[in-house]
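Here are the chains, one letter per residue:
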2 protein chains.
Amino acid sequence: MVSTEGEEIIVLGSSDIDIHMISDLFHRNSKIYTAIIIGECEIHYQGRASSKAPLGTRIVIYKSDGSLLVHEGKDRDPLNWQPPGSLCISDADKGFLEIRCRSRKYGHEIVSIRFKRILTAIWCRLSTKGLEVHGTEKDLVEMIYMNPSVISPSAKVIGREVETPSGKIDLILRDDPGNIYVVEVKNEKAGISAVNQLDRYVKYLESMQSRSPDVTRRIIGVLVSNGITRRAREALIERGYIYIDSMSLKIGNTSQTLMKYVK
Amino acid sequence: MVSTEGEEIIVLGSSDIDIHMISDLFHRNSKIYTAIIIGECEIHYQGRASSKAPLGTRIVIYKSDGSLLVHEGKDRDPLNWQPPGSLCISDADKGFLEIRCRSRKYGHEIVSIRFKRILTAIWCRLSTKGLEVHGTEKDLVEMIYMNPSVISPSAKVIGREVETPSGKIDLILRDDPGNIYVVEVKNEKAGISAVNQLDRYVKYLESMQSRSPDVTRRIIGVLVSNGITRRAREALIERGYIYIDSMSLKIGNTSQTLMKYVK
DNA sequence: GCCTAGGTCCCGTTT
DNA sequence: AAACGGGGCCTAGGC
């Protein structure tokens, strides 16, 4: 048996491989150590869907947060996996190492890995710091929230994350002439679904407005995104809405792009 | 220099670590071998978004298809990554190993990894077989396609993957009384967006129908999914559409669930 | 190449 | 806990 106390990393080469030892290590300290096993294995998955992978050489990673990854030599995404909080049980009694991993959240989901041969096995402590990401949609909404004049010079924010039966409206603005702007922000290239989403919000506000007939304001759909697909642009124009490229906002350009549309 | 010819796996322990050798291995045979490096590193990413990860112990995997993964001890998804087809360049001349990886597709995307310390480095040949997945939405559509009577006893398929300006309709059926069924299938629990999707399809068919006023058929929206959220169900009912739980279909139950709705 | 939509999506945030 | 929506989503399939 190998002591793991305080070890920073344990590397077992092919000559050190003993499946009972590996099975033992797999169970101990799994809350602290991340285990990495490289070898030939078959994999079965049964759950929301089901799959079977034939014998092949793969990397299996069982992280300290209970997530399981099985990677091949291609693709960013794992071939099989289990989400964080899953529990692995290993068994070496049948002459080969078998790992069964059950999801805590979806109890009926099971990934089963049977190793025919193990090339190397590693245990190590990895950091769990995460990172800071900038330049997301949230940042873009925040920017417009702080500078609504980029949409229209006299615009003021009158709503943010406004709930509707069809989802949340990113921003609602109103300018001095009384125009209402429904702003949908996408950090990526906008497709048809983004236009449909905007359409739904505008239609909803119009239906609300029609219930108080004393007030009749113009409601203008505005899509802010990093590019737009051809079909989406056509649909946008057909419905009389407006597209603003997010890049023109990001560079601090408070251009009056909109003014040529809004009279 | 280490020979990699024909080697199945190369494992360098902490005592073998020479960053110039690792840098050299990183460049050679990267089309065949997958490289795995575990060590303390800082990471910078600049591209569609940007991020920075402080010094921490992580796993870096550079696959033979050109994908790059950086994993910590938590989460199914990598902390940083680069998609397949990316190119890594390593450099050991400044006294530490630095790997810069550029995406081929998005040329301006760069992940930069600077290792302060390397614990182990591995090269191995992994399989790239992929797998077969069953129980997906496609299978469910196929099942209904082969057995349209599960929707309504006399129903026949009159359309599949039908293109509309708002997306593709999974299935369109017609029964003997002449009712038209627009079927949207979700393999997962359906949310508001699924109802909106179905609504768009029905509205589109209705608009098509109104152009040929001699034909007036009843168009019935049908959502087949593995569960439905409360708000989605409310929206569905409000619009007069029908929900069928996919589980009731999967068990071969050709129940006449629908008949109580369709007169 | 662009565009569309599904996914064992993952993941954070809010209700 | 459930639900909703973003994501550097990824990945497959059409055109």
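In case you missed it, the structure is sitting above this.
Quick caveat, the model's predicted, so the values are computed rather than measured.

What am I meant to see in the sheet that holds strand β13 (residues 219-225) of chain A here?
Whether parallel or antiparallel, the strands of a sheet pair through hydrogen bonds between backbone atoms. All names here are of chain A. Ordered in space as β10-β11-β12-β13-β14, the five strands form an open sheet in which the pairing is mixed. The sheet is open, and its two borders are formed by β10 (156-164) and β14 (242-245), each paired with just one other strand. Neighbour to neighbour, the strand axes of the sheet diverge by 30° on average, direction disregarded. Sheet topology note: the strand β12 (residues 180-186)/β13 ladder contains seven bridges and is parallel.

I would appreciate a short explanation of the relation of the copies chain A and chain B in the present structure.
Look at the two chain copies: a rotation about an axis and a shift along it is all it takes to match them. Relative to chain B, chain A is turned by 179° and slid 0.1 Å along the rotation axis, the superposed coordinates differing by an RMSD of 0.2 Å. Each copy turns onto its partner about a two-fold axis. When each C-alpha of chain A is compared by its distance to the rotation axis, D77(A) comes out closest, at 3.9 Å. Counting the interface residues of chain A, we find that 100% of their copies in chain B are interface residues as well, pointing to one common contact surface.

Just to check I follow, could you spell out the packing of helix α3 (residues 192-210) of chain B against helix α4 (residues 230-238) of chain B for this structure?
Each packed pair of helices is defined by two parameters, the angle between the axes and the distance between the axes. All names here are of chain B. Direction vectors running N to C along α3 and α4 enclose 20°, while the axes themselves pass 8 Å from each other. With respect to their mutual orientation, α3 and α4 come out roughly parallel. Considering only the axes of α3 and α4, their crossing is right-handed. Residues I192, V195 and L198 of α3 form the contact with α4, whose own contacting residues are R231, A232, A235 and L236. Across the contact of α3 with α4, the residue classes break down as six nonpolar, no polar and one charged.

Before we go on, may I ask you to explain the pattern of salt bridges in this structure?
Here the idea is simple: oppositely charged side chains can pair when their charged atoms come close. Under the definition given, this model contains 32 salt bridges over all chains. Here D75(A) ties to K74(A) by a salt bridge, and the two come within 3.5 Å at their closest N and O atoms. Accessibility expressed as a relative area gives 33% for D75(A), which makes it partly exposed. For K74(A), a relative accessible area of 27% translates into the label partly exposed. Here D199(B) ties to R200(A) by a salt bridge, and the two come within 3.6 Å at their closest N and O atoms. Of this pair, D199(B) sits in helix α3 while R200(A) sits in helix α3 (residues 192-210), on two different chains. Residue classification places D199(B) among the buried positions, given a relative accessible area of 4%. Residues participating in the shared-partner salt-bridge network are R76(A), D77(A), R76(B) and D77(B).

What counts as what
Residues numbered from 1 in each chain as written. Chains lettered and ligands numbered in written order. Predicted model: local features only at pLDDT ≥ 70, side-chain atom pairs only at ≥ 80, totals over all residues. Heavy atoms only, no water. Pairing = 2+ DSSP bridges. Helix = DSSP H or I, 4+ residues; strand = E, 2+ residues; numbered from the N terminus. Axes fitted to C-alpha atoms, helices over the stretch in contact; angles between N-to-C directions. Least-squares fit on C-alpha atoms with pLDDT ≥ 70 in both. Contact = heavy atoms within 4.5 Å. Parallel < 35°, antiparallel > 145°, perpendicular 65-115°, else oblique. Left-handed = near helix turned anticlockwise from the far one by under 90°. Nonpolar A, V, L, I, M, F, W, Y, C, P; charged D, E, K, R; others polar. Salt bridge = Lys/Arg side-chain N within 4 Å of Asp/Glu carboxyl O. Buried < 20%, exposed > 50% of the residue type's maximum accessible area, 1.4 Å probe, protein only.

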